[in-house]
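Remarks on the overall topology
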Amino acid sequence: WKLMKKLLLIATVYRCGERIYSTIPELSTILDIDLLVINQMSSKCAWYGDVDPRKAFHNSYDKYFDNIYDAGMQSVNTVFINNVINGISQYDLILYDDNRIGQGIDKIYTIANNNNIPMIGCTHGAGRSDIKGLGKVYDYLFAFGNTDVNVHGMNPYIKKVGIPSNDVLKTYKQTNEHILVIVNFLGNRASKPSISVHVDKDFISHVGLKQLQKEFNKKIVFKLKSRQDYPYPERDISYLHSIIDGELDYEIVIDGDNNKLIAESFIVISCPSTLSFKPIQLGIPTVLIKGTQSPSVYFDSFTGLVDLDTQVIFNEIQRQYDHGKDIQFILDNIEGGIDFNSTEHFIKAIQEII
């Protein structure tokens with residue numbers, strides 16, 4: 001069954017869009033797809049990490065697009081829409097990889113709305129389950145799971161699609177090679193007031209990495225976050241080196257294959273970020289540190305969310321080893337998360353809307 005209708009995919013931020021990009025090959029079997037890149041996904045934006053994931057994106061997916069349009073770093077305007085894209089009315093559906101209002105997406109939405117073209121937004125991440133953009137940049141929100149629906153009062157315009165990119169985790173071999181520490185904010189720069197815990201000397205000491213390494217004889221791998229608003233990865237790496245005990249056997253990574261990195265982990269210690277759903281789905285003991293991320297409707301109820309206290313962290317690691325994968329948490333938060341079939345839910349929602 002093939003719908004020869006047209007989809008415009010708007011890609012703006014790799015870190016959040018990555019969750020749905022894996023559906024592109026299957027989407028192409030039911031829709032003709034054009035791609036519009038803006039902001040961080042634009043070729044005009046210098047990458048701010050150590051490995052540019054946009055190259056892998058284009059190598060994997062460009063063959064599925066009929067046309068590719070690059071709007072650059074600035075907001076999309078009507079001149080670009082009319083003269084470069086040749087208008088919005090040619091499309092039957094628009095899929096936006098974020099749910100935030102910005103980059104001129106509201107202009108596209110207005111035109112789409114005037115032409116009765118449905119527009120879909122996608123949940124930005126674990127700290128942002130809001131529907132402020134409903135009726136402004138999207139008609140439907142593709143969200144992770146039941147938690148989103150419950151928070152917003154069973155809103156019929158919220159569709160549960162899980163995290164399609166996590167489906168591939170089932171193909172990775174789990175090797176227990178290292179203890180992974182996923183870093184949000186380091187102590188070398190200010191952050192928003194809701195972040196009360198930074199990765200600094202105090203964090204390194206209280207998280208108990210030396211004891212964990214001595215107990216399990218595993219390398220510590222620190223996963224840093226590349227940031228457009230602070231494009232100085234070398235400063236972050238230098239700072240992290242300066243606060244880590246010289247006796248610790250460790251490695252620092254920034255960009256790369258996050259699925260492989262997590263699948264090879266023995267224990268994961270992280271901020272409550274969307275990335276931490278991956279080890280939870282795989283059943284890897286995952287401890288989230290309170291205060292390292294803004295409050296989250298997803299992780300505030302996670303049993304593994306604990307204070308920065310060495311003994312509490314060790315107790316939680318042991319508890320998870322004893323009890324195994326947190327099935328109920330996954331069922332509550334990620335549609336298709338247990339069977340790694342979120343893509344099926346995603347495609348079904350697309351078909352219902354189109």
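Report on the accompanying structure. (Residues numbered from 1 in each chain as written. Predicted model: local features only at pLDDT ≥ 70, side-chain atom pairs only at ≥ 80, totals over all residues. Heavy atoms only, no water.)

Let us now look at the sheet that holds strand E1 (residues 5-11). Sheets are built from strands that pair by backbone hydrogen bonding, the pairs being arranged parallel or antiparallel. Spatially, the seven strands line up as an open sheet ordered E3-E2-E1-E4-E5-E6-E7, and their pairing is parallel. The sheet is open, and its two borders are formed by strand E3 (65-70) and strand E7 (158-160), each paired with just one other strand. Neighbour-to-neighbour, the strand axes of the sheet open up by a mean angle of 20°, direction not taken into account. Sheet topology places E1 next to strand E4 (residues 93-96); four bridges connect them, and they run parallel. Note on E4: the bridge partner recorded for leucine 8 is isoleucine 94. (Pairing = 2+ DSSP bridges. Helix = DSSP H or I, 4+ residues; strand = E, 2+ residues; numbered from the N terminus. Axes fitted to C-alpha atoms, helices over the stretch in contact; angles between N-to-C directions.)

Both faces of strand E12 (residues 286-289) are covered, namely the face carrying Thr286 and Leu288 and the face carrying Val287 and Ile289. When strand E11 (residues 265-270) meets E12, the two strands line up parallel, connected through three bridges. Along E12, the bridge assignment pairs serine 270 with leucine 288. (Buried < 20%, exposed > 50% of the residue type's maximum accessible area, 1.4 Å probe, protein only.)

Enumeration according to the criterion identifies ten salt bridges in this entry. Here arginine 54 ties to aspartate 52 by a salt bridge, and the two come within 2.8 Å at their closest N and O atoms. Here the salt bridges share partners, and the residues they tie into one network are Lys210, Asp245 and Glu247. (Salt bridge = Lys/Arg side-chain N within 4 Å of Asp/Glu carboxyl O.)

Bringing the packing of aromatic side chains into the picture now. Counted according to the given criterion, the structure contains 17 aromatic pairs. With a centroid separation of 5.9 Å and 80° between ring planes, the pair formed by phenylalanine 277 and tyrosine 298 is classed as edge-to-face. A residue pair is termed long-range when its members are at least 10 positions apart, and phenylalanine 277 in helix H11 (residues 277-282) and tyrosine 298 in the loop between E12 and strand E13 (305-306) qualify at 21 residues. By relative accessible area, phenylalanine 277 is classed as buried at 0%. For tyrosine 298, a relative accessible area of 0% gives the class buried. Aromatic pair phenylalanine 299 and phenylalanine 302: ring centres 6.5 Å apart, planes at 80°, arrangement edge-to-face. Accessibility assignment for this pair places phenylalanine 299 and phenylalanine 302 in one class, buried. Lying over the aromatic face of phenylalanine 266, lysine 218 brings its terminal NZ or CZ to 5.0 Å of the ring centre. (Phe/Tyr/Trp six-rings, centres within 6.5 Å; stacked < 30°, edge-to-face > 60°. Lys NZ or Arg CZ within 6 Å of the ring centre and 35° of its normal.)

With that settled, consider the sheet that holds strand E10 (residues 250-253). With respect to topology, six strands assemble into an open sheet ordered E10-E9-E8-E11-E12-E13, the strand pairing being parallel. Edge positions in the sheet fall to E10 and E13, since each has one partner strand and no second. Here five bridges tie strand E8 (residues 178-182) to strand E9 (residues 219-223), and the two strands are oriented parallel to one another. Bridging across to E9, isoleucine 182 finds its partner in lysine 223.

This brings us to the nonpolar core. Counting residues in hydrophobic clusters, the biggest one holds 30 residues, and the most contacted among them are Phe203, Leu209, Phe222 and Leu240. Residue assignment for this core shows that the elements contributing at least two residues are E8, helix H7 (201-206), helix H8 (209-216), E9, helix H9 (233-243), E11, E12 and helix H12 (310-323). Core analysis: the second largest hydrophobic core is formed by 28 residues, Ile20, Met41, Cys122 and Ala349 among them. (Core = buried A, V, L, I, M, F, W, Y, C linked by side-chain atoms within 4.5 Å.)

In this model helix H14 (residues 342-353) runs 17 Å from its N-terminal to its C-terminal C-alpha over twelve residues, within 8% of the 16 Å that 1.5 Å per residue would give. Buried within H14 are the following residues: Ser342, Thr343, Phe346, Ile347, Ala349, Ile350 and Ile353. Taken around the axis of H14, the buried residues stretch over an arc of 160°, which confines them to a single face. Exposed positions of H14 whose direction lies more than 90 degrees from the buried face are Glu344, Lys348 and Glu352. (Expected span 1.5 Å × (residues − 1). Arc of directions from axis to C-beta.)

Now for H9. Every buried residue belonging to H9 is among Pro233, Asp236, Tyr239, Leu240 and Ile243, and all of these are buried. The buried residues of H9 occupy one face: seen down the axis, they fall within an arc of 125°.

A separate point is the side chain of serine 294. Tracing the backbone shows serine 294 in the loop between E12 and E13. Of the polar contacts made by the side chain of serine 294, one reaches the side chain of serine 194; its length is 2.7 Å. In this structure serine 294 touches Lys192, Ser194 and Ile195, once residues within four positions along its chain are discounted. (Polar contact = N/O pair within 3.5 Å; in protein donor to acceptor, adjacent residues only side chain to side chain. Contact = heavy atoms within 4.5 Å.)

The buried fraction of E11 is high, at six of six residues. In this structure, E8 lies alongside E11, joined through five bridges in parallel fashion. Following the sheet pairing, leucine 180 is matched in E11 by valine 268.

Moving on, we get to unusual backbone geometry. A positive phi angle, close to 55°, is found at asparagine 176, a residue other than glycine. The topology assignment puts asparagine 176 in the loop between E7 and E8. Accessibility expressed as a relative area gives 34% for asparagine 176, which makes it partly exposed. Non-glycine residue asparagine 217 carries a positive phi angle of around 55°. Position of asparagine 217 relative to the elements: it lies in the loop between H8 and E9. Overall, asparagine 217 belongs to the exposed group, its relative accessible area being 68%.

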